[in-house]
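Tertiary structure, described
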Amino acid sequence: MKTAFHTKKFMVNIPALEQMNQVFHILFIFLPFLWALGILPPPDALFLWAMEQVLEFGLGGSSMSTHPRLLIMFIVSAGTAITSYFIPSTVGVVLFMTGLGFLLSLNLSEMGFVFKHSVARHRVGTKSKALPSGSEKQLTWKECLFYIMILVLALLESVLLHRFACCSQISKNGPQAIIGYVLMVLLITLWILREIQSVYIFGIFQNPFYPKDVQTGTLFLEKQARLMKIGVVRWILLNLVSPFAMIAFLSLDTSLRGLHSVSVSIGFTRAFRMVWQYTENALLETAIVSAVHVLTSSPDVWWNRSLDTGIRLLLAFKAINFPWSTVLAVSQVLVGIMRDRLIQFISKLQFAVTVLLASWMEKKRRKSTTTLCIFNTVFSPFVLVFIVFSTLLSSPLVPLFTLPLFLVGFPRPTQSWPGVVGTAACVCADTVYYYQMVPSLTAALRSAMVAGSLGLLLPGSHYLGRFQDRLIWIMILERGYTYCWINIKGLELQETSCHTAEARRVDEVFEGAFEQEYTKICSINEHLGNVLTPCTVLPVKLYSDAKNVLSGIIDSHDNLREFKGDLVKVLVWILVQYCSRRSHMQENVHKTENKAKASLIILPALDTSPQTQSSDDTDSLNSEISDDWSDDIFGDEPTSKKGKEEKEQLKVLQSINLPIPGSVESQSVDDHSIGKVHENSLYKGVLLGYPAVDKGKQEDMKYIPLMEFSCSHSHLLSLPEEWMSNCLPNSKMREMSSLFPEEWYQFVLRQLECFHLEENVPNVLEEIAKDRVLKDFYVHVVMTCYFSLFGVDNMDPSPGHILRVYNGALPWSVALDWLTEKPELFQLALKAFRYTLKLMIDKASLGPIEDFKELTNCLVEYESDWYIGLVSDEKWKEAILQEKPCLFSLGYDPNMGVYTGRVLTLQELLIHVGKLNTEAVRGQWANLSWELLYATNDDEERYSIQAHPLLLRNLTVQAADPPLGYPIYSSKPIHIHLY
């Protein structure tokens, strides 16, 4: 009987369950249709969205930068609310909620990283080391002390006020009401201080306090610094005064003195957490609740009798996310509920109107969209229903194909895309420019966020930065007490027609805000209907890109004639600098090695003619240039094989230790016979040139007489041994040796400052400069490189020749093989050629070089402050990442038929930053996902990615995560300290 009674009890018809049964039967019928339209959410997106909603609106947390962080924070926050329910003491509840609310609002991953690093360091017993740089910034002891002090003060305040100042009755003159008045004043003050930091007030009216000297950067920054001082006052009120005022308001509430309930645990857990997590939102909520509290201070009012402060705060901030919250619409609490949802509703409505206007404004498609526009006008109530429904679900409003045909998208998390932030991007050669600017941009964003220039910082907010051809997309991922996480994306620099059209409109919007002079005090934003609202200007250290036409410079005969002489000088300077650094490095490496090695030098005697006559040399030289593998008339091996045999002979000779008469080896008994000649002044035997030898008679070859350096320190500037081989006929070498600038060579040697000798350095350099053997050595290498760069004919180079050599395509000659076999020398010669080109352009632009000192200064500047090369080189990217002050590259525009020079200059420049309509971004991204995944419309010229100046459709599609979008740079989550 008892079992039957219970069975019958459960079989009783319950009206609510019957209604739910009917609703679900109808819903199940439409599930396939909803799935086909893309309204039904995937399980993973629904799960993440639900966690975000509960964490943010039920537990007072924030959306997280990564999914694992979201899961961990959700579990910890839910555990906090559950634990508070089982604490028996009201004082313990207040302490627990206050302490955990503060700790959970901090960046716990950063603290965990610091703690782990400290423990590991303590275990190994090492000294203090700096933490790795990157997204995990080191937490200093000052910051730790600051957080500890804030926590202790918050705990003391809450427990003392709750224990000794809490009243049992609601009163207009009570301490809680007084604090409520203070909160209202703080709210108004913070709102004013935030609005004057931006260029527009409410995004509509021109701010009269904002500096108007954007074009003069220095003056603008000076005036903006004054606003930053106001921003410091705002930061103190927001992060130090407001939280303690709200904690006092909550601690004095009578609801905490009663019995525990689920509403108290959830409501006050969220309230104490929101004080730190979203201080500005919490301040607005608490001020509204306080105002209603004062107006309805009678205990018999339903508001005060039925709901505690925690639940009232919960209702005042996005409570409408939960379906059961609509039943509470009978109270004045709807003012607080509608505050947030009204903002979201207005944003979605503005987006819908912009889509409607965008479709109507396009003349090409006005005929096809007229029907849709009329349809939306006639059925506007149904459109409003869609907007309200998407607002209730906090889901994107989807304009199908970006036409005025709206659907409610499925609920999805704030990031809009699956996967980890910053792991996918369409990397190209231009990505490096965004890599370089991100650290400086992050620092500038930090200052703007602290001052309030970017408005209210909420997860899911999007910002767009613009400088020259660069477009920077910034998204806020997570927000907490004195920190936030952001993601920075860089859009393509190679602008397409759609990209260019929208980028031009972005420039117009920013110019109208920052550069246009207004006659009225509070002018209205001319681009009010655009999804982009200008905010502020940020000083960022980055590269400005300037492209100049070199017509009249690179094709001038006078300049090209001077180019040849300058090239020899630059070659001398670069080789001397290279040998100077090389000897210094070798001296450090071989400091403990024995320095008593004899050294010999075999130089080609310029006055001794080889077996081949001068005319024969010229003929053979010309024949080698015309054909790489031309055989001579005597049936010898091809030229390249001769070069290989000569190289093998050189290696054999280098391995032989030849004694010099009178050297240490031959006169080791009589040490006084060597006089003052230092042991390092003697060199190994190296063959520079030798007579031509018939095939099969190499063993009968005679060696050229050996010669010593006249200065004992000349070895410090000696070129590498493998560069001493000869590849040119002596007649050609004698002919080109006359071009060697001996005075410049001696001047360069006398200017060296890298020697660390006990003797008088100027005297040593003077002796080295007079060393004829060393000079002949440089003559040989310099003129061989000169010959390799210009070929056999000593003619003025053409612009095309300069471009080819600049790109590394040297003309073939007998010396080219010799040069390419020595990669290091090849790079030095190419570097000298590029320096000479830059010198020619500077001389044509700035005036001629007056003396050797000025020329040296120019070359030193090129070496230290410039990278002169190709954009496609890896060293170009390395120079940008190393923040080389200037970069130069030579190019050719085939369309215009002109030679161009590209100059990048690193300097602090101003970037315009504006805030995007969040719902417009979410809606267009939702349409992109729906169109490609559900409608399978992957046409590259589809309507939804065409340029439109109001919606910025093309730029928004680019900023989506790959594979649907194609940003060329996407950073990992970046942590920013907001102090």
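This section reports on the structure supplied with the text. Small disclaimer: the values here were computed from a predicted structure and weren't measured.

1. Points about the overall build of the chain
Counting its secondary structure elements, the chain contains 32 helices and 15 strands. Burial statistics for the chain: of 979 residues in total, 50% are counted as buried. Accessible surface, the chain: about 46,900 Å² in total, of which carbon and sulfur atoms supply 62%.

2. Quick notes on the pairing of strand β12 (residues 886-893)
When you tally the buried positions in β12, you get 7 out of 8 residues, the bulk of the element. The pairing of strand β11 (residues 866-868) with β12 spans 3 bridges and is classified as parallel. Residue pairing across strands places W866 opposite C886, the latter belonging to β12. Handedness of the crossover joining β11 and β12 through helix α30 (residues 874-881): right-handed. Here β12 runs beside strand β13 (residues 898-916); their pairing, made up of 8 bridges, is antiparallel. Bridge assignment links S889 to a residue of β13, and that residue is R902. Following β12, the chain reverses through 4 residues before pairing antiparallel with β13; G897 in that reversal takes a positive phi of roughly 70 degrees.

3. Digging into the environment of K884
With respect to the element layout, K884 can be found in the loop between α30 and β12. Along the primary structure K884 and T905 are separated by 21 residues, whereas in three dimensions their C-alpha atoms are 8.5 Å apart. Apart from residues lying up to four places away in sequence, K884 is in contact with Y543, E863, S864, D865, W866, Y867, A879 and L906.

4. As for the nonpolar core
Of all hydrophobic cores here, the largest spans 84 residues; its most connected members are L575, Y778, M783, F833, L837, F888 and L890. Dropping the residues within four chain positions of it, L890 is found in contact with L550, I554, I802, L803, Y806, L837, G869 and T900.

5. Structural notes on the packing of helix α25 (residues 772-790) against helix α28 (residues 823-846)
Axis separation between α25 and α28 bottoms out at 11 Å; the angle between their running directions is 70 degrees. On the basis of the axis angle, α25 is roughly perpendicular to α28. The element α25 and its partner α28 pack so that their crossing is right-handed. Contacts between α25 and α28 involve V781, C785, L789 and F790 from the former and L825, A829 and F833 from the latter. Among the residues forming the contact of α25 with α28, the class breakdown is 7 nonpolar, no polar and no charged.

6. A few points about the pairing of β13
Walk down a regular strand and you will see the side chains alternate between the two sheet faces. Most of β13 sits inside the fold, with 14 of its 19 residues counted as buried. Pairing geometry for strand β8 (residues 532-549) and β13, over 17 bridges, is antiparallel. Bridge assignment links Y543 to a residue of β13, and that residue is L906.

Rules of the game
Residues numbered from 1 in each chain as written. Predicted model: local features only at pLDDT ≥ 70, side-chain atom pairs only at ≥ 80, totals over all residues. Heavy atoms only, no water. Helix = DSSP H or I, 4+ residues; strand = E, 2+ residues; numbered from the N terminus. Buried < 20%, exposed > 50% of the residue type's maximum accessible area, 1.4 Å probe, protein only. Areas by Shrake-Rupley, 256 points an atom, 1.4 Å probe, with all protein chains shown as cover. Pairing = 2+ DSSP bridges. Right-handed = clockwise from strand over helix to strand, strands pointing away. Contact = heavy atoms within 4.5 Å. Core = buried A, V, L, I, M, F, W, Y, C linked by side-chain atoms within 4.5 Å. Axes fitted to C-alpha atoms, helices over the stretch in contact; angles between N-to-C directions. Parallel < 35°, antiparallel > 145°, perpendicular 65-115°, else oblique. Left-handed = near helix turned anticlockwise from the far one by under 90°. Nonpolar A, V, L, I, M, F, W, Y, C, P; charged D, E, K, R; others polar.

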